[in-house]
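Listed below are the residues making up each chain.
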Amino acid sequence: MLETRTLSISFRWVVVLAAAGIAVVSQAQVPDLLSAFDAGARSQGAGGALNGAVGDTFANLYNPAGLAYVDRTTVQIARRNFPSSRSSVTGSYQSPNVRTSPRAGGQKISHVGAAVPIKSFRKRADGVLGVSYSVTGVMDDVAFGPASGLPLGGGVSIRNFLEQRKVQTEFLTLGYGRTNQAGNLAWGFGLIVANQSVRFQQSGTLVDNTGTPISGGPAVISFPNESYRSTGVGLIAGLQYQSVQNPNLSYNLSFRSPIQMPGGSAAGNYSTIPGRIMAGVGLRYNGLREGKDDYFVVGANTQYLFGGNGSQSFQRRDQLGFGLGIEYNLDFNSARIPIRLGYSALDSDALGFGEVLGVSYGIGYTPAHGRFSLDLTYFRPRYGGQDTWITATYRF
Amino acid sequence: MHALGLSLLLATTFSGAHRAPTLADWRTPYEQGLSLAGKSDWAGARAAFLIAVKARPNDDTRATLLPGPITERRTWREGAPYSANLLAAYCGVRSAAGLTDKDAQTALLRLVASELEGLYTRKQAGSNAAFLLAEVYGALAENDKRRELQTRLVNREWREDTAIIAPEQIAIVSPGNVVNPNPTPPVEPNPNPNPNPNPNPNVTPNPNPVTPAGTVRPLPNKYALIIGNSQTGVLDSNIPFAADDAGLIAEELAVYGGYPKENIVLLRDVTSAEIREAVKLLAEKVPLKSTVFFFYAGVGTSVNAKDYIAGTNATSAIDTANMVSKAEIYDAFTRRESMFFAFYEVKRSARTPSRIFGTEDVSAGPYAELQATVQGGGITSVVRNGKPTGMFTNAFVEVLREYRTNQIPLLSFAWSMFYKGGTTTEQTFVLPTIVLMNDDAKF
């Protein structure tokens, strides 16, 4: 749905500049979480390096082959901060100087998922079904002009200039995974129903050089003020492979199709959620402490986001990212305490967006009976701020 | 190029040609073997284990890793060792016991013996394989081989899958019962498997990792009174697996501890009167200067600085009307000049310190007393053969199997139990209290 608010001004050329203003403000370096927002996967503490190798409900997001290794009905819920940013605009409307500062944002549920081995309700049937709701893209930036007004030219300024760009992308995924007979090759696929809410608004009061609001004239400018939701459908598929002789080495590969998202104006749409190719490898070392059941996992992962498309305000270009991480699983009185450390990076060439990179830390706890797990992750991106996740898992 | 590589990977993975044996090739028959053995279909179980052996020829003491997420180390059957050869041989022995054709029986036992010898050759024989092979030699009247076997070293560190193995059942196949009319040649007891018990808790005692194979010769002067009371009226102190633990201790003492079966009195879920009666009868039966082993699992308490064990009819921790005092039991046997060894699997986490069992010093002697946990500690369990078993009992049995002697050195034994797994957040094993005995007293 497109809403417009109209202001009348005296200068015809302002009509042209108003549209250009969208691009001007987008020079801000907002951390690019629009297409790769992590919903709380436990391996995020290891830089996301093991995202494609997991065997829980997050497999729906990263690699549905991992569903195949869910051996008990499992439910998971994750909660994390939804980062936002605040930008200040100085200079002029045509040639602004923009400074952006990230904020942690509020804590919200980012993932709810369940994975059910089919044999639990239908004997002799193989495979595991997974269903999940996940937030996979977030942007929340508000840009403010100076109180004195943002010069527009011709003696006209925009007083109380404000621009809000807000996007949230959610995936509802139904996945299926299973293994071959030997159990060393898992494959899976999923159907994604993507929901997206987009808001793009600008507002301000046009004033002349005496500070008097301009309320009429031959030219009329419409500040965009649109807010809409859209739905699209995509597919995801993946593989996990281990040699029969060496289950301590695992490879994973997944593909997600770009997802078309109809709706939105030319100024404020995010019309295609990019597709993704993800590949990773994990290596496990066992028996690190004599008499204990410790093991150590090191992983590497790379992802390539392609085919995304958006308006100038939500510009999408191909992105390349990687993660490196380690996870030490400490055996503590038969309870398991994974300790994670990682580094992740995701570039961004899109106008107004900045790369996301930094060091992540994680710790978890699974008691001896293995029924539930709790995992905490802390990420400190280079651009500042901090992100925190908490993920709870219960296995029936 | 990459697409070609991926295609090859998929093709070789899915293809059945020239493939290495997979998990399913041995796992399915192995688990079928366990299932069939559980139904006493020994011939079927042996056939299934032999199929597993074809796919995976070597027994393995280590846990078998299963494919799965790299972040989760999954092991087959909770980390059980792979012992297809041993279990095939064991099922062969059990199967042979049911054969009426003596020639077929002998042929099968010879085949089993060769399989077990193969395990020795490949250094994949643990104490169960050694024990089984000794019994098979006995059944085949190959006493020279049996004696020679006892001189070989057994790798006590080699874990074996004992899910279906019941050593006392192996003994049923022993000579005299089935094949060999000759009596079982006695196995020399290991007089001191750990001649240098080390009082330093930081140093693992029992440096000798080997033990002779074979059945432990029972000694006629060894007696045991074993009591397990799972259900009493002292509800919050009950140990639900106490009766099972008592049964296990009784079985194991007969096989590995040199206690004659007829000298073992096992009581499960009995009243205080029944305990008194059993004490009285056994004390009358015990000759002077005998060795008496006493084990009690259940509720214990202390009232007015005297220790009591509860009968099933006990109603509270402070009412001793339906309990038996520890001193009464000790006195009955020490009056017979017996060496009295008492083992208790009793919770010692009473809210009131004065109620904690095991604080009374009985004036009788000689005796030794070993509690399952420190003061304030509880009793925890582990899963053994699919059943909850007291951690104390489990360690007792494991160490007893390792010592395999009719002269068990108490202090060394207690240290070995401690190192076997005597510490959790709730339960911590202790060393024995020894009164008027030497530290190296043997039970």
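Look up: the structure comes first, before these words.
A short tour of the structure in this document, coming up. Just so it is clear, the structure is predicted and the values come from calculations on it, not from any experiment.

Notes on the overall build of chain B
In step 1: A tally of regular secondary structure across chain B gives 13 helices and 11 strands.
In step 2: Scored against the burial criterion, the 443 residues of chain B give a buried share of 49%.
In step 3: Sequence separation of at least 24 residues holds for 72% of the intrachain contacts in chain B that already meet a minimum separation of 6.

Some words on the overall build of chain A
In step 1: The secondary structure content of chain A amounts to two helices and 22 strands.
In step 2: Looking at chain A as a whole, 48% of its 396 residues are labelled buried.

Considerations on the pairing of strand β17 (residues 319-332) of chain A
Residue and element names in this part refer to chain A.
In step 1: Alignment of strand β16 (residues 295-306) against β17, held across 11 bridges, turns out to be antiparallel. For tyrosine 295, the partnering residue across the bridge sits in β17 and is asparagine 329.
In step 2: Pairing of β17 with strand β18 (residues 335-346), which is carried by 12 bridges, proceeds in the antiparallel orientation. Opposite glycine 321, over in β18, you have leucine 346 as the bridge partner.

What about the nonpolar core?
Generally speaking, soluble globular proteins have nonpolar side chains that are buried together.
In step 1: Core analysis: the biggest nonpolar cluster contains 79 residues, and Ile226(B), Ala246(B), Phe294(B), Phe295(B) and Phe341(B) have the highest contact counts within it.
In step 2: Of the residues forming this core, the biggest block, 10 residues, is contributed by helix α9 (residues 242-256) of chain B.
In step 3: Setting aside residues up to four positions removed in sequence, Ile226(B) forms contacts with Ala246(B), Ile249(B), Ala250(B), Ile264(B), Val265(B), Leu266(B) and Phe295(B).
In step 4: Membership of the second largest hydrophobic core comes to 57 residues, among which are Ala59(A), Leu61(A), Leu185(A) and Tyr241(A).

Quick word on the interface of chain B and chain A
In step 1: With 18 residues of chain B at the contact, the number on the chain A side is 27 residues.
In step 2: Of the residues forming the side of chain B that touches chain A, the biggest block, three residues, is contributed by helix α1 (residues 2-14) of chain B.

Considerations on the sheet that holds strand β8 (residues 367-371) of chain B
Residues and elements named next belong to chain B.
In step 1: Pairing is mixed across the open sheet formed by six strands, whose spatial order is β2-β1-β3-β7-β8-β11. Two strands in the sheet have a free side with no partner beyond their single neighbour: β2 (264-268) and β11 (433-435). Adjacent strand axes in the sheet meet at a mean angle of 10 degrees, parallel and antiparallel pairs treated alike.
In step 2: As defined by bridge partners, strand β1 (residues 222-228) adjoins β2 across five bridges and the pair is classed as parallel. Across the sheet, residue isoleucine 227 finds its bridge partner in β2, namely leucine 267.
In step 3: In the packing of helix α11 (residues 326-334) onto the sheet, the strands contacted are β3 (291-298), β7 (339-346) and β8, and the crossing angle to β7 comes to about 155 degrees.

Side note on the pairing of strand β22 (residues 387-395) of chain A
Residue and element names in this part refer to chain A.
In step 1: Two elements, strand β3 (residues 74-81) and β22, share seven bridges in a ladder whose sense is antiparallel. Paired with isoleucine 77 across the two strands is alanine 392, which belongs to β22.
In step 2: Relative to β22, strand β21 (residues 372-381) is paired through eight bridges, and the arrangement is antiparallel. By the bridge assignment, leucine 374 is partnered in β22 with alanine 392.
In step 3: Between β21 and β22, which pair antiparallel and follow one another directly, the connecting turn spans five residues, one of which, glycine 384, has a positive phi of 110 degrees.

Topic: unusual backbone geometry
All names here are of chain B.
In step 1: Positive phi, normally seen in glycine, also occurs at serine 40, with a value near 65 degrees.
In step 2: Take serine 40: there are 12 C-beta atoms within 10 Å of it, and that puts it in the exposed class.
In step 3: The backbone of alanine 141 shows a phi angle near 60 degrees, a positive value even though the residue is not glycine.
In step 4: Judged by local crowding, alanine 141 falls into the partly exposed class, with 16 C-beta atoms found within 10 Å.

So, helix α10 (residues 272-285) of chain B
Residue and element names in this part refer to chain B.
In step 1: Spanning 14 residues, α10 covers 20 Å between terminal C-alpha atoms, matching the ideal 20 Å at 1.5 Å per step.
In step 2: Within α10, the full set of buried residues consists of Ser272, Ile275, Val279 and Leu282. Relative to the axis of α10, the buried residues are bounded by an arc of 95 degrees and lie together on one face. For α10, the exposed residues lying more than 90 degrees away from the buried face are Ala273, Lys280, Leu281 and Glu284.
In step 3: Buried residues along α10 sit in contact with β1, β2, β6 (323-325) and α11.

Parameters and conventions
- Residues numbered from 1 in each chain as written.
- Chains lettered and ligands numbered in written order.
- Predicted model: local features only at pLDDT ≥ 70, side-chain atom pairs only at ≥ 80, totals over all residues.
- Helix = DSSP H or I, 4+ residues; strand = E, 2+ residues; numbered from the N terminus.
- Buried ≥ 20, exposed ≤ 12 C-beta atoms within 10 Å, placed from the backbone.
- Contact = placed C-beta atoms within 7 Å.
- Pairing = 2+ DSSP bridges.
- Core = buried A, V, L, I, M, F, W, Y, C linked by C-beta atoms within 7 Å.
- Axes fitted to C-alpha atoms, helices over the stretch in contact; angles between N-to-C directions.
- Expected span 1.5 Å × (residues − 1).
- Arc of directions from axis to C-beta.

Geometric values such as these leave the question of function open.
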